[in-house]
Amino acid sequence: MFFNRANVRSPRLLRYPRRLKLVAIITVLLFASALVVAALASWRQDNLTQSLREDTSWVAYKLDRDAVQLLNHLLSASRAEMPPVVQNELNMRFELLYSRLMLLQEGEVNSLITDIEGARQLLTQIGQQMEPLDLLFAPHEVLDQLPIVLIEAELEALTQLTERFVITINGYLAESATEERRVLSALYKLLMTLLVGMSLAVLLVIAFLIREMRESATARRRQEQLSQQLEVTAEQAQAANHAKSDFLAMVSHEIRTPLNGVIGMSELLSEPASSAQVEDYARTIHESANQLLTMINEILDFSKIEAGHLTLEASPTELRPLVDSVVALFEPRSRAKGVALSMYIDPLVPRWVMADAGRLRQILLNLVANATKFTDHGAITVRVSSTVEHLLLEVSDTGCGISEEQQTALFEPFQQAGASVARRYGGTGLGLAICKRLSEAMNGQLGVQSRLGQGSTFWCKLPLIKAMPVEAVPPNEQTRNFAGTSLLLVEDNAINRKVATGLLSRLGCEVVCAENGQDALDMAASLPVHLIFMDIQLPDMDGLMVTRHLREQGGWLADVPIIAMTAGGNDRQRCLAAGMNDYITKPLSLLALGDVLALHLSPSALARKTTLPAQEQGDTYEHNVLNADTLTMLQESLGDEHLINLVALYHQQISDYVSQLSAYLATPEASFSEQARQQVVRLAHQLRGESLSMGAEALAEKAKSLEVLAREEGNTKSQLDESLSVVRHTAARTHGALKRWRQRQSSTKG
């Protein structure tokens, strides 16, 4: 009966599906493969560990050998004057030795050394021993002669440390090899145990295989749904990435176009040209620069909005002048295209409303600019109407129109109506996106109504808040005369200094420049001015800190207007909190500078130049800086053209002398040698002689003072620094005085 029962049971095992048997066999094979792979991985890991240890031992050995070889080469070198080739070779050997140390202090080698008892401490001592050697070694071009005795002493101490380090590493490797053999024997026993256990696990896997297959089918269906969702997300991300790539390509093209105008016309200006050509080149440069500025402003505005840094300043705004100014700006352009540009303001619209005039004008400018760009014939109409609660601005055109599909993405960033539109008309695709976000920030809406080929109407609906009229104060034309006004310009960038100085000189101002915060503090202490232009980013301290130091000194510095010059648009509150009176953004223009000066140099402020003490007031006039008789004699002897060239050469010489003096005096007190002092004497003497020849007697006197100080051995370098600062300030005043003297001579002859 037992035999029969066995015959009955055994076929039941064979009745399992053939695919289940196949899966079981594959499972066993996979487990066996896994064991092989695990063994190979373990073997490979052991090899890598052994390789790492060998590499560590080798690098430590090479560190010791390089240190010994460097010492031997140094001992074999001549104790007399060492040839440059030998010195450079020793320096290269030291650099190689230093690289060995770096290999031990980085990566996996360093982690292995950390585990070795005593090795980390020895490596730290070796690094500390290398630091003084790093200061002693240098190429012949940097150091004339190596201190051989000091280097030998340091290298002997270093070789002792490296020898101990090699012994410690080798001892650790010997102990590790013994421990690994013991562990390997135990691992063999453990591996056999794991084989038996994993065989039992295969049987359990077969038992649960059917249930797992059912669960995997359910999971597969869920994964398919998730995969579909991921595909949609990937398509959206790819579309966004493609839009950004298109935007970068478009911005690159848009930047290159006006930049080509700036560079090309600048090169043409350097060649001989007629006055009409020069005027045309300058106008093209100005238009191209304005295009670049507009594009940059759009990108900055959008970045500011996206970052949540947009601030609105609502104030009483008169609508008609604002709309008139926008229409007047685009009227010549539309007239040139044969397009009629008109405006209509409903009589029911309040004359004054509460709004951010700048942002409202920006929206209107963008809408009218787009209408002008895309309308080749017909008319453009700007309408302003209102209800009880809303103000409605509409810009209608008879241009090409926009399809419904294009309208869906029109107000998204980096989007335009189409690729052909971008190629034909250009632009960044940010204008409408900025307008939409500005209108939403003002609790309004922006939209479009358009049909392809039938024109478009862009509308902006804003909350209507009436405001009381504000008396507009007309500008006082007398305040536009800034002749004799002294200014301090604090700017570290040479090009920005040149631009600002040129513009302010055109306004009749006397400009003294400072290149950093400390120079500004020194100049303000010795030279009272009527206004200070302060750059925010300076090399030694920022403009905000300089302003605080100036205000703390009291006196006239407590009340003098300080105007910030910044390339950003979010610094107003910081500037005012630091004690500044106002700020102006770059790029600078004559109109913007004139407005700032007219605002802060009122007649009462300008009157302070007549109330300065006699000594301070006299410093601002040419007769205390220049000898007019000498200049007149040079003019009569050389003529106007040669004198102009001579003055330009003199300015360049002053700049070179001051730069060389600054370089010699920039060395630390301990390194300031007698040879450097003699060079200061020579340069000051040459500056004095050339200044006397040009009639710059004040600068000659200050140069003489510096020369006398440098000749006397008891004077410190700090005293020379102070004297050089006076020379630098006097040179700036001399430059301005020479320029005004030439202007007066030209106006007298004209």
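Given the structure is predicted, the values throughout are model-derived calculations rather than measurements. (Residues numbered from 1 in each chain as written. Predicted model: local features only at pLDDT ≥ 70, side-chain atom pairs only at ≥ 80, totals over all residues. Heavy atoms only, no water.)

Chemist: What am I meant to see in helix 23 (residues 697–711) here?
Modeler: End to end, helix 23 covers 21 Å across 15 residues, agreeing with the expected 21 Å (1.5 Å per residue, within 8%). For helix 23, the complete set of buried residues consists of Ala698, Leu699, Ala700, Ala703, Leu706, Glu707 and Ala710. (Helix = DSSP H or I, 4+ residues; strand = E, 2+ residues; numbered from the N terminus. Expected span 1.5 Å × (residues − 1). Buried < 20%, exposed > 50% of the residue type's maximum accessible area, 1.4 Å probe, protein only.)

Chemist: Got a minute to help me understand the environment of Met694 in this structure?
Modeler: Residue placement: Met694 occurs in helix 22 (residues 674–694). Distance in space between the C-alpha atoms of Met694 and Leu634 is 8.1 Å, their sequence separation being 60 residues. Excluding residues that lie within four positions of it along the chain, Met694 makes contacts with Thr630, Leu631, Leu634, Leu646, Val647 and Tyr650. (Contact = heavy atoms within 4.5 Å.)

Chemist: When you look at the packing of helix 13 (residues 494–506) against helix 17 (residues 590–600) in this model, what are you seeing that I'm missing?
Modeler: How two helices pack is summed up by the angle between their axes together with the distance between the axes. In contact at an axis separation of 10 Å, helix 13 and helix 17 are set at 65° when each is read in the N-to-C sense. Where helix 13 crosses over helix 17, the handedness of that crossing is right-handed. Residues Leu503, Leu504 and Arg506 of helix 13 lie in contact with helix 17, whose contacting residues are Leu590, Leu593 and Leu597. A per-class count over the contact of helix 13 with helix 17 returns five nonpolar, no polar and one charged. (Axes fitted to C-alpha atoms, helices over the stretch in contact; angles between N-to-C directions. Left-handed = near helix turned anticlockwise from the far one by under 90°. Nonpolar A, V, L, I, M, F, W, Y, C, P; charged D, E, K, R; others polar.)

Chemist: Before we go on, may I ask you to explain the sheet that holds strand 4 (residues 378–386) in this structure?
Modeler: Across a sheet, strands are paired by hydrogen bonds formed along the backbone, either parallel or antiparallel in direction. In space, the five strands of this open sheet follow the order 2-4-5-7-6, with mixed pairing throughout. The open sheet has two edge strands with one neighbour each: strand 2 (339–345) and strand 6 (445–450). Along the sheet, successive strands turn relative to each other by an average axial angle of 10°, direction set aside. In this sheet, strand 7 (residues 456–463) lies alongside strand 5 (residues 390–397) in antiparallel orientation, the contact comprising eight bridges. By the bridge assignment for strand 7, His390 is matched with Pro463. The strands that helix 9 (residues 357–374) touches are strand 4, strand 5, strand 6 and strand 7; relative to strand 5, the one it contacts most, it runs at about 20°. Relative to strand 6, helix 12 (residues 431–441) is tilted by about 135°, and along the sheet it contacts strand 6 and strand 7. (Pairing = 2+ DSSP bridges.)

Chemist: Is there a simple way to think about the state of the cysteines in this case?
Modeler: Disulfide: a covalent bond formed between the sulfur atoms of two cysteine residues. One pass over the full model with this rule turns up zero disulfides. Here Cys460 stays free of any disulfide, with the sulfur of Cys435 as its closest cysteine sulfur at 8.0 Å. (Disulfide = S-S within 2.5 Å.)

Chemist: Explain the confidence of the model for the protein here, please?
Modeler: Predicted coordinates in areas of low pLDDT are best not read in detail. Chain-level statistics for the protein give a pLDDT mean of 76 and a share of 79% at 70 or above. For the protein, helix 19 (residues 614–618) is the element with the lowest average pLDDT, namely 38, and strand 5 is the one with the highest, namely 92. Per-residue pLDDT stays below 50 along residues 1–15; that stretch engages in three contacts with residues further than four places along the chain or on separate chains. For residues 473–479, every residue scores under 50 in pLDDT, and the model assigns this stretch four contacts once sequence neighbours within four places are set aside. (pLDDT = per-residue confidence, 0-100.)

Chemist: Sorry, what's going on with empty space enclosed by the protein here?
Modeler: Space left empty within the atom packing is revealed by a probe, the size of a water molecule, rolled over the atoms. Here the structure, examined in full by the defined rule, presents one cavity of 30 Å³ or more. A volume near 40 Å³ is recorded for the largest cavity. Forming the boundary of the largest cavity are Asp66, Gln69, Leu70, Arg93, Leu96 and Leu97. Of all the secondary structure elements, the ones that give two or more residues to the lining of the largest cavity are helix 2 (18–76) and helix 3 (84–104). Its residues assigned to classes, the lining of the largest cavity shows three nonpolar, one polar and two charged. (1 Å grid on protein atoms, 1.4 Å probe; cavity = no way out; pocket = protein on both sides within 12 Å on 5 of 7 lines; lining within 4 Å. Points joined across faces, edges and corners; volume = space filled by probe spheres on them.)

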